[in-house]
Amino acid sequence: MQIAFTKMQGLGNDFIIFDNTSNSISLTTEQIRFIARRRFGVGCDQLLFVEASNKPNVDFRYRIFNADGEEVQQCGNGARCFARFVVDKGLTDKKNLVIETHSGLICPQIEENGDITVNMGVPRLNPVDIPFNADKVELQYPIMVGTDLYKIGAISIGNPHAVLLVDSIETAPVETVGAKLSLHHRFPQRANVSFMQIIDNSNIKLRVYERGVGETLACGTGACAAVVVGQRLKRLDSIVTVNLPGGQLQIQWAGPDAAVLMTGPAVHVFEGTIEL
Ligand SMILES: N[C@H](CCC[C@H](N)C(=O)O)C(=O)O
């Protein structure tokens, strides 16, 4: 079976995108894992499916699978690539879209300069909604990783995130502590783990160990989570430049009950077909 796909990337966080608006591509977990493998397959962090939506005032449905084959609720860099894809493929002539995901509606807007701003919705702080095992909402939570005690912010941007403050992003224990925290029992659905170095109140450096992938060059929802945690700690302003290994995102959050806005690029890499 030959399947056409589009390769795209947002700050080096890369995606294989399938147009299922007029197809019915359905892949097994093993097939997803194979496609995501960088030497034996095509190679990507996530696979994205574009689907039609039958809901009023909703333009498309957006499904996301991590490289490990698991379907997840949200992907920020993928949302920008999704918006660029549906416009470039002529699936819509709109520049403001409403997209349905497993964690609710997000609203990408194509900017004049080609960047894309996505309304990622209101962050969820209640432990039950993250989900994270804790008795009540805290600014930071003490958590044991092995025999070491850490403090984390815990938050959902539709998907679960842990955020740690570090003095130096270069020496952050992304592969060790990131991997362990991602699988920590207090995160019943696992978690994405961000390491944030605050440069000043409108600039941070960030590295992210993504659930189901490992460290990526950028994580859009991770950038949103880090800025919300930093603002709640009174360390960040309402507009923050997030410096990730793959490039910069601008994140805006006006405070409690406000949606998080993420602005950044989305780049087409190539068209391809894969034999399954
Ligand atoms: N690994 C994430 C999904 C992709 C998020 C990331 N690529 C982004 O840009 O937000 C999770 O398991 O929730």
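Just so it is clear, the model here is predicted, and its values are computed rather than measured.

Undergrad: Would you explain the side chain of T117 in this entry?
TA: Within the fold, T117 resides in strand β8 (residues 116-119). Those residues in contact with T117 that sit more than four places away from it in its chain are C107, P108, Q109, E111, L261, M262 and T263.

Undergrad: I'm lost on the layout of surface pockets in this one. Help?
TA: Put simply, the largest pocket is a space of about 180 Å³. Mapped onto the lining of the largest pocket, the elements with two or more residues apiece are β1 (2-10) and β2 (13-19). No other element matches the five residues that β1 contributes to the lining of the largest pocket. Looking at the lining of the largest pocket, its residues break down into eight nonpolar, three polar and three charged.

Undergrad: When you look at the site of the ligand in this model, what are you seeing that I'm missing?
TA: What surrounds the ligand is a group of 15 residues, the closest being N13, G76, E210, R211 and T221. Out of a free accessible area of 360 Å², the ligand has 100% covered by protein chains. Taken together, the elements giving at least two residues each to the shell around the ligand come down to α2 (76-88) and α4 (220-232). Here the shell around the ligand is composed, by residue class, of three nonpolar, ten polar and two charged. Both domains that meet at the shell around the ligand, namely domain 1 (2-119 + 265-275) and domain 2 (127-258), each give it at least three residues.

Undergrad: It is not clear to me how the UniProt feature "binding site: substrate" (unreviewed entry) in the protein chain should be interpreted in this structure. Could you clarify?
TA: The residues that UniProt annotates with the feature "binding site: substrate" (unreviewed entry) are N13, Q46, N66, G76, N77, N159, N192, E210, R211, G220 and T221. Of the annotated set named above, N13, Q46, N66, G76, N159, N192, E210, R211, G220 and T221 line the largest cavity. With respect to the helices and strands, the residue N13 is situated in strand β2. Its relative accessible area of 1% is what places N13 among the buried residues. Sequence-distant contacts of N13, that is, excluding residues within four places in its chain, are made with M8, D45, Q46, N77, E210, T216, A218 and C219. Note on placement: G220 falls in helix α4. Excluding anything up to four places from it in sequence, G220 contacts G76, N77, L249 and M262.

Undergrad: How should I be thinking about α4 in this particular structure?
TA: Three- or four-residue spacings in an α-helix give side chains the same orientation, since the helix completes a turn every 3.6 residues. The end-to-end C-alpha separation of α4 is 19 Å, in line with the 18 Å expected for 13 residues at 1.5 Å each. In the stretch just after α4, K234 is the one whose phi turns positive, near 65°.

Undergrad: What's the story with the domain arrangement of the protein chain in this structure? I'm lost.
TA: Many structure descriptions define interface size as the accessible area lost when the parts assemble. Partitioning the protein chain into domains gives domain 1 (2-119 + 265-275) and domain 2 (127-258). In this structure, domain 1 and domain 2 have C-alpha centres spaced 24 Å apart. Counting each side, the surface lost to burial between domain 1 and domain 2 is near 1300 Å², with a carbon and sulfur contribution of 48%. The largest per-residue losses of area from domain 1 upon contact with domain 2 belong to L11, Q73 and Q74, which jointly make up 39% of the total buried on that side. The interface formed by domain 1 and domain 2 contains one salt bridge. Its salt-bridge partner being D68, residue R190 comes within 3.2 Å of it at the nearest N-O pair. The tally of links between domain 1 and domain 2 comes to eight residue pairs in polar contact (both at pLDDT 80 or more).

Undergrad: Looking at this model, I keep getting lost on the pattern of salt bridges. Mind explaining?
TA: Here the idea is simple: oppositely charged side chains can pair when their charged atoms come close. Counted under the stated rule, the structure contains 16 salt bridges. Among the salt bridges present, the one from R38 reaches D14, with a minimum N-O distance of 2.7 Å. Highlighted residues: R38 in the loop between α1 (29-36) and β3 (46-52) and D14 in strand β2, separated in sequence by 24 residues. The exposure class assigned to D14 is buried, which follows from its relative accessible area of 8%. Overlapping salt bridges bring together E51, K55, R61, R63, E71 and E100 as one network.

Criteria and cut-off values
Residues numbered from 1 in each chain as written. Predicted model: local features only at pLDDT ≥ 70, side-chain atom pairs only at ≥ 80, totals over all residues. Heavy atoms only, no water. Helix = DSSP H or I, 4+ residues; strand = E, 2+ residues; numbered from the N terminus. Contact = heavy atoms within 4.5 Å. 1 Å grid on protein atoms, 1.4 Å probe; cavity = no way out; pocket = protein on both sides within 12 Å on 5 of 7 lines; lining within 4 Å. Points joined across faces, edges and corners; volume = space filled by probe spheres on them. Nonpolar A, V, L, I, M, F, W, Y, C, P; charged D, E, K, R; others polar. Near = heavy atom within 4 Å. Areas by Shrake-Rupley, 256 points an atom, 1.4 Å probe, with all protein chains shown as cover. Domains from an automatic or database assignment. UniProt positions renumbered as here; feature names shortened; annotations may be inferred. Buried < 20%, exposed > 50% of the residue type's maximum accessible area, 1.4 Å probe, protein only. Expected span 1.5 Å × (residues − 1). Buried area = accessible area lost by both parts, 1.4 Å probe. Salt bridge = Lys/Arg side-chain N within 4 Å of Asp/Glu carboxyl O. Polar contact = N/O pair within 3.5 Å; in protein donor to acceptor, adjacent residues only side chain to side chain.

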